[in-house]
Amino acid sequence: IASDAYIVRFTTAADFTLDGHTNDDDVTILGAFYDAGSSGGHYWYEGDGDFDGGIDDDDVTIVGALYGTDAPTPLELSTGANGVFHSTLPADSAKDKKVEAQLNSDLLG
């Protein structure tokens, strides 16, 4: 992988550790930076799940709602289990089916 490459992966809004799971590790990050929104300038990886710059009860709610969930796998995305790619592609034309097949191929290797 090139040193200037971007690596993209799916995760949940509260997976601050980017390990694919919303769990105690993410709660620890949120707790370390939590200040009831009294300071600004915080980032998502510090626990700012709603991107408002503060770490407050709204972020706790996001972690609570997503706690115990995992990021979708490429197989789930490509087969439409979560409906992300599958539902966004019209299945009526040959071109759309070709695009969907390419997405499946790219995601599944």
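That block above? That's the structure.
Please read these numbers as outputs of a predicted model, since none were measured by experiment.

Undergrad: Is there a simple way to explain the overall build of the protein in this structure?
TA: A count of helical and extended segments in the protein gives four helices and zero strands. Going residue by residue from the N terminus, the α and β elements of the protein occur as α-α-α-α. Counting every position in the protein, which comprises 109 residues, the buried fraction comes to 26%. Pairs at least 24 residues apart make up 41% of the contacts formed inside the protein by residues separated by at least 6 positions. With the model as given, the accessible surface of the protein reaches about 7,000 Å², and the carbon-plus-sulfur share is 58%.

Undergrad: Looking at this model, I keep getting lost on unusual backbone geometry. Mind explaining?
TA: For residues other than glycine, phi is negative in most cases, and the peptide bonds are mostly trans. A positive phi angle is found at Leu-18, which is not glycine, with a value near 60°. Along the chain, the position of Leu-18 falls in the segment before helix H1 (24–33). When its relative accessible area of 44% is taken as the criterion, Leu-18 is described as partly exposed. Its identity as a non-glycine residue notwithstanding, Phe-51 has a phi of 60°, on the positive side. Relative to the elements of secondary structure, Phe-51 occurs in the loop between H1 and helix H2 (57–66).

Undergrad: I tried to follow the packing of aromatic side chains on my own but got confused; where do I start?
TA: Aromatic ring pairs are reported here in terms of the distance separating the ring centres and the angle at which the planes meet. Going through the model one piece at a time under the given rule, you end up with two aromatic pairs. Ring geometry for Phe-16 versus Trp-44: centroids 5.5 Å apart, planes at 70°, classification edge-to-face. Placement of Phe-16 in the segment before H1 and of Trp-44 in the loop between H1 and H2 is noted, with a sequence separation of 28 residues between them. You can call Phe-16 buried: its relative accessible area is 5%. With a relative accessible area of 18%, Trp-44 lands in the buried category. With 5.5 Å between their ring centres and 0° between their planes, Tyr-43 and Tyr-45 make a pair best called stacked.

Undergrad: What is the right way to read the nonpolar core from this model?
TA: Across soluble globular proteins, nonpolar side chains have a tendency to be buried as a group. Judged by nonpolar contacts, Ala-14, Phe-16, Leu-30, Trp-44, Ile-55, Ile-62 and Val-63 together constitute the single largest core of seven residues. Here Leu-30 is in contact with Phe-16, Glu-46, Gly-47, Ile-55, Asp-59, Val-60 and Val-63, once residues within four sequence places are set aside.

Undergrad: For this particular structure, what's the right way to read the environment of Asp-56?
TA: With respect to the helices, strands and loops of the structure, Asp-56 is situated in the loop between H1 and H2. Measuring from C-alpha to C-alpha, the distance between Asp-56 and Ser-39 comes to 9.7 Å, with 17 residues separating the pair along the chain. With sequence-adjacent residues up to four places away left out, Asp-56 is seen in contact with Tyr-34, Ala-36, Gly-37 and Asp-50. In this structure the side chain of Asp-56 is engaged in a polar contact, spanning 3.1 Å, whose partner is the backbone nitrogen of Asp-58.

Definitions and cut-offs
- Residues numbered from 1 in each chain as written.
- Predicted model: local features only at pLDDT ≥ 70, side-chain atom pairs only at ≥ 80, totals over all residues.
- Heavy atoms only, no water.
- Helix = DSSP H or I, 4+ residues; strand = E, 2+ residues; numbered from the N terminus.
- Buried < 20%, exposed > 50% of the residue type's maximum accessible area, 1.4 Å probe, protein only.
- Contact = heavy atoms within 4.5 Å.
- Areas by Shrake-Rupley, 256 points an atom, 1.4 Å probe, with all protein chains shown as cover.
- Phe/Tyr/Trp six-rings, centres within 6.5 Å; stacked < 30°, edge-to-face > 60°.
- Core = buried A, V, L, I, M, F, W, Y, C linked by side-chain atoms within 4.5 Å.
- Polar contact = N/O pair within 3.5 Å; in protein donor to acceptor, adjacent residues only side chain to side chain.

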